Amino acid sequence: MPPPPPASGPDEPRALSPREREILAGIEHDLDTSAPGLAREMAHPTTVAPPVPAGAVEAGFLALSLFVVLAAAGLVPGVVWALLAVIGSMIVVPWAMLRAFEKFERGPDTESDDTGRGDPDR
């Protein structure tokens with residue numbers, strides 16, 4: 001007969017009884033026979049963190065960029081900021097117009113895929 005389990009403290013979970021161990025062994029056996037792949041996965045748990053959603057990564061980069069710009073704002077003279085604003089507007093405005101015209105040429109109800117064709121079900 002196996003020795004009795006050690007006494008549990010107030011913060012420790014209580015030890016399993018022989019009947020509970022028998023039930024768990026039966027569950028483990030059933031799992032091994034019905035879903036061996038799942039049993040293997042559970043035997044070797046992964047410690048890899050799940051992937052971070054792309055939106056969270058983009059938001060992080062945006063926040064970091066905003067912090068860098070605000071931190072540099074006190075170090076850079078106003079003339080440089082004016083020059084950056086002019087150069088930025090020379091880039092952003094044409095880009096926004098190009099995007100708008102691309103959407104206008106495609107039409108509002110056509111969804112293009114990678115092949116350039118619209119949705120065949122529409």
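Trainee: Just give me the short version of the overall build of the protein, but keep the residues and values in it.
Mentor: On a plain count of helices and strands, the protein comes out with four helices and zero strands. Starting at the N terminus and walking to the C terminus, you meet the elements of the protein as α-α-α-α. Considering the protein as a whole, with its 122 residues, one finds that 2% of them fall into the buried category. On the protein, roughly 11,100 Å² of surface is accessible, and the fraction owed to carbon and sulfur atoms is 68%.

Trainee: Got a sec to walk through the pattern of salt bridges? Specific residues and values, please.
Mentor: Enumeration according to the criterion identifies three salt bridges in this entry. Residue Arg 99 pairs with Glu 102 through a salt bridge whose shortest N-O separation is 3.4 Å. Within this pair, Arg 99 and its partner Glu 102 are both found in helix H4 (residues 78–106), separated by three residues, close to a single helical turn. With relative accessibility at 39%, the residue Arg 99 sits in the partly exposed group. Under the relative-accessibility criterion, Glu 102 is labelled partly exposed at 34%.

Trainee: Outline the confidence of the model for the protein, listing residues and values.
Mentor: The pLDDT averaged across the protein works out to 78; a share of 78% of its residues lies at or above 70. By mean pLDDT, helix H2 (residues 36–43) is the weakest element of the protein at 79, and helix H1 (residues 18–34) is the strongest at 89.

Trainee: Residue-level account of a nonpolar patch on the surface, with values.
Mentor: On the surface, Val 52, Val 57, Phe 61, Leu 64, Phe 67 and Val 68 cluster together into a nonpolar patch covering about 610 Å² of accessible area. Structurally, the position occupied by Leu 64 is in helix H3 (residues 54–73).

Trainee: Tell me about the packing of H1 against H2, and name the residues and values.
Mentor: Remark: H1 packs on H2, axes separated minimally by 5 Å, with the N-to-C direction vectors making an angle of 125°. Considering the angle they form, H1 stands oblique to H2. Counting all contacts with H1, which are made through Leu 31, Asp 32, Thr 33 and Ser 34, the residues of H2 involved are Pro 36, Leu 38, Ala 39 and Met 42. Of the residues belonging to the contact of H1 with H2, the class tally is five nonpolar, two polar and one charged.

Parameters and conventions
- Residues numbered from 1 in each chain as written.
- Predicted model: local features only at pLDDT ≥ 70, side-chain atom pairs only at ≥ 80, totals over all residues.
- Heavy atoms only, no water.
- Helix = DSSP H or I, 4+ residues; strand = E, 2+ residues; numbered from the N terminus.
- Buried < 20%, exposed > 50% of the residue type's maximum accessible area, 1.4 Å probe, protein only.
- Areas by Shrake-Rupley, 256 points an atom, 1.4 Å probe, with all protein chains shown as cover.
- Salt bridge = Lys/Arg side-chain N within 4 Å of Asp/Glu carboxyl O.
- pLDDT = per-residue confidence, 0-100.
- Patch = residues over 30% accessible without salt bridge, like charges linked within 9 Å, V, L, I, M, F, W, Y side chains within 5 Å.
- Axes fitted to C-alpha atoms, helices over the stretch in contact; angles between N-to-C directions.
- Parallel < 35°, antiparallel > 145°, perpendicular 65-115°, else oblique.
- Contact = heavy atoms within 4.5 Å.
- Nonpolar A, V, L, I, M, F, W, Y, C, P; charged D, E, K, R; others polar.

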